[in-house]
There are 2 protein chains.
Amino acid sequence: MLCETSHPGNIGAAARAMKTMGLEQLYLVNPQRFPDPEAEWRASRATDVLTAARICASLDEALQGVGYAYALSARTREIAVPSVGCRIAAQQAVEQALNQPVALVFGNETYGLTTEQVNRCDRLISIPANPEYSSLNLGAAVQVLAYEVRMAALEPEVVAPARTLATHEEVEGFYAHLEQTMLEIGFLDPQHPKKLMPRLRRLFARADLEQEEVNILRGLLKAFRNPVRRP
Amino acid sequence: MLCETSHPGNIGAAARAMKTMGLEQLYLVNPQRFPDPEAEWRASRATDVLTAARICASLDEALQGVGYAYALSARTREIAVPSVGCRIAAQQAVEQALNQPVALVFGNETYGLTTEQVNRCDRLISIPANPEYSSLNLGAAVQVLAYEVRMAALEPEVVAPARTLATHEEVEGFYAHLEQTMLEIGFLDPQHPKKLMPRLRRLFARADLEQEEVNILRGLLKAFRNPVRRP
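Residues numbered from 1 in each chain as written. Chains lettered and ligands numbered in written order. Predicted model: local features only at pLDDT ≥ 70, side-chain atom pairs only at ≥ 80, totals over all residues.

### Thoughts on the pairing of strand β6 (residues 102-106) of chain B
Residue and element names in this part refer to chain B.
- The buried fraction of β6 amounts to 5 of the 5 residues, a majority that puts the element mostly inside the structure.
- Here strand β4 (residues 68-72) runs beside β6; their pairing, made up of 5 bridges, is parallel. Residue pairing across strands places Ala71 opposite Val105, the latter belonging to β6. (Buried ≥ 20, exposed ≤ 12 C-beta atoms within 10 Å, placed from the backbone. Helix = DSSP H or I, 4+ residues; strand = E, 2+ residues; numbered from the N terminus. Pairing = 2+ DSSP bridges.)

Following this line, the structure appears as structure tokens:
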């Protein structure tokens, strides 16, 4: 929900930010200029969110039927509602949204939400911005909140696709091959081995070698000893 | 670092996004229009970030002295670097930045980063966006990453890692040395290179090479070409 937005470009940017994070229901409370070509342009391929936007005459009207509302505001004086950090807020919002509509409410670009508007909401969200310059652009603030909501909805976090790692003995075979080759070429001095093998082991251990990579590395070691002469 | 940005407004939006999250060092690689009044306007009170921006002719120039670079890209085909989710990436970046410069690299609004540019970086960052519309506005993407970096920096448990990583140019120097040596011994066939270099880059990228490790590996390559005959 965007309240009293001045610049239509910011409405478009908010629509795009929402759609990239899988959110669709945009409410506009007294937008100063809407619809507007600038909004369409900034929405890029999220014009469907603009088209479906509901325009309301007051925040109370927009909040009809909403079970829980979060207000984004830098205002803290005379605020009656408890504040909550944006990450926790997003996690709570995702849980609450399973049972009822939840709203995220944003104010005007210059003066934000009024005290009265914030007090209509259940929680005040704070983004931990730079205290010397904490003024996020409206579209950027919507992007951060929408992103946090999506991250919360995707929990538990998806991990990288499983790779097929080389077995213990395959990796040990590579290390033995490497050590033998380094001895042969005189790079590893058996009288003064220093920490060479342990260092190289640590390096390759961090890489979590795959089977095919072990094969490539051993092929490379072999080629060093028996270069292929190409025509 | 913003590469080949088309719209100056997005440069301004990025500067504002950075400053609200306490970041200041903006690098512009071949911006199409900069400086520009549109950038100033969208930067709002972050024009100091624009004024201090460094303009570079290539990504390699921008990455001089950088210890670790994260690329933001939707491109995943033919990418040699491992990918990482944006939250984890931000946490790692904050730790790494205690010891060395760390870069976040963003591409052009339409075509993103080239495969070659992404492969110049150490990790590919993915933002878990809506698969049906995953195209964040450039300024919005900078806002999300800058926000995650700030959230990570505000975590109390950030401690310095013990390792000092090799710089971008040191690692690239190793790759060039490795490729040249493999060509010389006939292991890499220039007519049929297959995916050998990308695979090896990916392997070593995962290991996050230290300076001393790069020296050991290059010493090893040298020794292969000029074996030391011990008595």
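### Quick notes on the environment of Ala39 of chain A
Residue and element names in this part refer to chain A.
- Summarising the element assignment, Ala39 is placed in helix α2 (residues 37-43).
- The exposure class of Ala39 is buried, given the 25 C-beta atoms found within 10 Å.
- Not counting the four nearest positions on each side in its chain, Ala39 is found in contact with Pro8, Gly9, Ile11, Gly12, Phe34 and Leu50. (Contact = placed C-beta atoms within 7 Å.)

### Quick notes on the interface of chain B and chain A
- Each side of the interface is counted separately: chain B has 50 residues, and chain A has 49 residues.
- For the side of chain B that touches chain A, the secondary-structure elements that each account for two or more residues are α1 (8-20), β5 (83-85), α7 (138-154), α9 (196-207) and α10 (211-225) of chain B.
- If one sorts the elements of the side of chain B that touches chain A by residue count, α7 of chain B sits on top with 8 residues.

### Describing the nonpolar core
- Core analysis: the biggest nonpolar cluster contains 131 residues, and Val105 of chain A together with Met18 and Val105 of chain B have the highest contact counts within it.
- Those residues in contact with Met18 of chain B, other than ones at most four positions away along the chain, are Leu23, Glu24, Leu26, Ala46, Val49, Val142 and Ala146 of chain B.
- Ala166, Phe204, Leu209 and Val214 of chain A belong to the second-largest nonpolar core, a separate cluster that totals 5 residues. (Core = buried A, V, L, I, M, F, W, Y, C linked by C-beta atoms within 7 Å.)

Take it as geometry only, folks, not as evidence of what the structure does.
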